[in-house]
Every structure is written in C-alpha cells, then in structure tokens.
Amino acid sequence: MKNTSKIYVFLGLIALVAGIMLWVSLSKPKAFEVEKVDVAEELSDRNIVSIQVDSLTNIIRQVYGNDATVSANDSENYVVKIQNQGNEISNFYNDNPRLLETKDERFSIKRIGSRIEATFKTESIKQQKYVFVPTDVVYKLSELAYNK
C-alpha cells in the first residue's frame, strides 16, 4: 500500500507540474506577426492638395523645362509626360513608390523606364481650374523649382 500511495503522489505531482507548464506556455504573449500592408485605394485628404493648373504647369516647366509635356485637352484630365531625366525622373513623385501603386480616382502616376506619365483630375472652382496632386509631388517639385 505504501508503494501504491507513493506512485499516486508522484503521478499527481507530475500532472500538477505538467498543468502549470501548460498554463504558463499558453499565457505567454505571442511574438509580433508581420502583417502585409495592402496598398491604400485612395490617399487621405491630408496627403493630397488642390493646386491651380497654371501654377502646377509653371512649376513643372521650371523644373523639367523642355523634357516635360503638359496637356489639358479635355476638361477632366491634366496630363504630364516627362522623359530624358535619367535617375532624376523619380524626383517627380519624391521617390515614393507607393504613389505608383495607389489606386486613386483623383490621380494616376506611371513610370515606364525613363518616362513618367501622370494624369490628374481637374475641377473648376470659381472659373479657375484646379488639379488634385499628392503632397509628395507638390513638395518635391516646389523644392526643385526653388533650388534652380
């Protein structure tokens, strides 16, 4: 009988230790998991500005000169095509590759080799035409125009 009670006590201690170890392992905080960030469908309002078409055209002409072609043929879109700038072509979108991936109805920027094609939606406010441009584009273009 003494050996049987010792076995039950021993088995009880093993079960108690196993239960404590299981509880501790389950209550440990989990490691951070890397979450894949999806590309935003639209930029938030704080990341896009409206600027007059004439002002944006002037800034683009100052920065890129004859390498930029600007057209506003239809009343809804303002199209900018820039080429022959080599590595500096990424300055147009402030080296922010997410702008090339973002699907926003107000603008579209595509890089094809050493050429940029950007389309911006226009809006008329008090007989003035404005375009919606990401702040990264306006910031970098303004900086480049100022430093010329």
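See the structure printed just above.
Residue numbers run consecutively from 1 along every chain, following the written order of its sequence. The predicted origin of the model limits local features to residues at a pLDDT of at least 70 and limits the giving and counting of side-chain atom pairs to 80 or more, whereas totals for whole chains, interfaces and linings rest on all residues. As a convention, hydrogens and water are excluded, and side-chain values are obtained from all of the structure's heavy atoms.

1. So, the side chain of Asp-104
At step 1: For helices the rule is a DSSP run of H or I covering at least 4 residues; for strands it is a run of E covering at least 2, with both sets numbered from the N terminus onward. Topologically, Asp-104 is positioned in the loop between α3 (98–101) and β4 (107–112).
At step 2: Exposed residues in this analysis have more than 50% of their type's maximum accessible area, buried residues have under 20%, and partly exposed residues fall in between, with area computed by a 1.4 Å probe over protein chains only. With relative accessibility at 8%, the residue Asp-104 sits in the buried group.
At step 3: Among the polar contacts made by the side chain of Asp-104, one reaches the main-chain amide nitrogen of Arg-106 at a distance of 2.9 Å. Side-chain atoms alone can form a polar contact between residues adjacent in sequence; in general such a contact is a pair of N or O atoms within 3.5 Å, and within protein one must be able to donate a hydrogen while the other accepts it.

2. Structural notes on the environment of Ser-124
At step 1: Its place among the elements puts Ser-124 in strand β5 (residues 115–125).
At step 2: Sequence separation of Ser-124 and Gln-52 is 72 residues, and the distance between their C-alpha atoms is 9.5 Å.

3. So, unusual backbone geometry
At step 1: Its identity as a non-glycine residue notwithstanding, Asn-94 has a phi of 55 degrees, on the positive side.
At step 2: By the element assignment, Asn-94 lies in the loop between β3 (77–83) and α3.
At step 3: The exposure class assigned to Asn-94 is partly exposed, which follows from its relative accessible area of 23%.
At step 4: Residues other than glycine seldom take positive phi values, yet Lys-126 does so here, at roughly 50 degrees.

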